[in-house]
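What the coordinates show
Next come the chains, spelled out residue by residue.
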Amino acid sequence: MREIVLDTETTGFEPSEGHRIVEIGAVELFNHMPTGRTYHQYINPERPMPNEAFEVHGLGDEFLRDKPVFAEIGTAFLEFVGEARLVIHNAAFDMKFLNFELGRVGLPRLPFERALDTLALARKRFPGAPATLDALCRRFGVDNSAREKHGALLDSEILAEVYLELIGGRQPDFGLASVSGTRTGGAEGEWRPRPRPVALPPRITEEEAAAHAAFVAKLGDGAIWLKRV
């Protein structure tokens, strides 16, 4: 199963108010494992950057001025995403911006059903607890020390780790993550079967035991029941 863990940075909160995407970052997973393939693109929003947004992600007008506009990168973005499921923290926000940008340049929109919202997943798993990306990093011990400001690719990489923890680690279908590697390193760490200190009491009657002995006697000396291990 192919999944794309995705994040965007924008100039504001509402595309209907003229706000635009300025950065897209994405990480590819296959069967819940990172493949090493990523997508990262800065985008010229064709409008000034509000100071409030700049303080969040640090992407200013001068830096974005020579970056491609969304119309120039939209097709390549869709090709990277393909038919994969999209894993997004607060999916409603990113999906509305992505679909606004795609529709604006006449490209196919992404069906919202393809998005898995890790914010909703975290709130369902930990009711009442903080569910921000930073809070989930603290909960799962994911290193986010490089996250001084929001950045789409870095946040996607961090979210990929958080997502794998939310679904049960890197082996969600088998539940083996908590026991792998617990028996290692020499004879002291190995488990070996040993005889019971006290034998279990018999569960057959004397009549059944006698009938079995008579049956074995008819089989001769080669009967398997006469052999000792």
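Residues numbered from 1 in each chain as written. Predicted model: local features only at pLDDT ≥ 70, side-chain atom pairs only at ≥ 80, totals over all residues. Heavy atoms only, no water.

Here we take up the overall build of the protein chain. Helix and strand counts for the protein chain come out as 8 helices and 5 strands. Secondary structure elements of the protein chain occur, N-terminal to C-terminal, as β-β-β-α-α-α-β-α-β-α-α-α-α. Looking at the protein chain as a whole, 39% of its 229 residues are labelled buried. If you take every contact in the protein chain between residues at least 6 apart in sequence, the share linking residues at least 24 apart comes to 65%. Accessible surface, the protein chain: about 14,400 Å² in total, of which carbon and sulfur atoms supply 54%. (Helix = DSSP H or I, 4+ residues; strand = E, 2+ residues; numbered from the N terminus. Buried < 20%, exposed > 50% of the residue type's maximum accessible area, 1.4 Å probe, protein only. Contact = heavy atoms within 4.5 Å. Areas by Shrake-Rupley, 256 points an atom, 1.4 Å probe, with all protein chains shown as cover.)

Once that is clear, we can look at the pattern of salt bridges. Applying the stated rule across the entire model yields 8 salt bridges. Measuring nitrogen to oxygen at the nearest pair gives 3.8 Å for the salt bridge that ties Arg104 to Glu46. Here Arg104, found in helix α4 (residues 91–104), pairs with Glu46, found in the loop between β3 (33–42) and α1 (51–57); they are 58 residues apart in sequence, far enough to count as distant. Among the charged side chains, a salt-bridge network with shared partners connects Arg20, Glu46, Glu101 and Arg104. (Salt bridge = Lys/Arg side-chain N within 4 Å of Asp/Glu carboxyl O.)

The subject of this paragraph is α4. When the terminal C-alpha atoms of α4 are compared, their 20 Å separation across 14 residues agrees well with the 20 Å that a helix rising 1.5 Å per residue should span. Three or more residues of α4 are buried, namely Ala91, Phe93, Asp94, Met95, Phe97, Leu98, Asn99, Glu101 and Leu102. One or two steps after α4, the chain reaches Gly106, where phi turns positive at roughly 75°. (Expected span 1.5 Å × (residues − 1).)

All right, on to the layout of surface pockets then. What the largest pocket holds in volume is close to 650 Å³. Along the walls of the largest pocket sit 28 residues, with Thr8, Glu9, Val56, Phe93 and His150 positioned nearest its centre. Counting only elements with at least two residues in the lining of the largest pocket, the list comes to β1 (2–10), α1, α4, α6 (133–140) and α7 (152–166). If you tally residues by element for the lining of the largest pocket, the top one is β1, at 5 residues. Residues of the lining of the largest pocket, tallied by class, amount to 10 nonpolar, 11 polar and 7 charged. (1 Å grid on protein atoms, 1.4 Å probe; cavity = no way out; pocket = protein on both sides within 12 Å on 5 of 7 lines; lining within 4 Å. Points joined across faces, edges and corners; volume = space filled by probe spheres on them. Nonpolar A, V, L, I, M, F, W, Y, C, P; charged D, E, K, R; others polar.)

A separate point is the packing of aromatic side chains. As enumerated under the stated definition, the model contains 5 aromatic pairs in all. Arranged with centres 4.9 Å apart and planes meeting at 90°, the rings of Tyr42 and Phe63 form a pair that is edge-to-face. Highlighted residues: Tyr42 in strand β3 and Phe63 in helix α2 (residues 61–64), separated in sequence by 21 residues. Using a relative accessible area of 24% as the deciding quantity, one classes Tyr42 as partly exposed. Ring pairs connect the aromatic residues Tyr39, Phe77 and Phe80, which therefore count as one cluster. For Arg2, the ring lying beneath its charged end belongs to Phe80, and the centroid distance is 5.7 Å. Directly above the ring of Phe126 sits Arg139, whose terminal nitrogen or CZ lies 3.8 Å from the centroid. (Phe/Tyr/Trp six-rings, centres within 6.5 Å; stacked < 30°, edge-to-face > 60°. Lys NZ or Arg CZ within 6 Å of the ring centre and 35° of its normal.)

Fair warning: the whole summary comes from geometry, so function is off the table for now.
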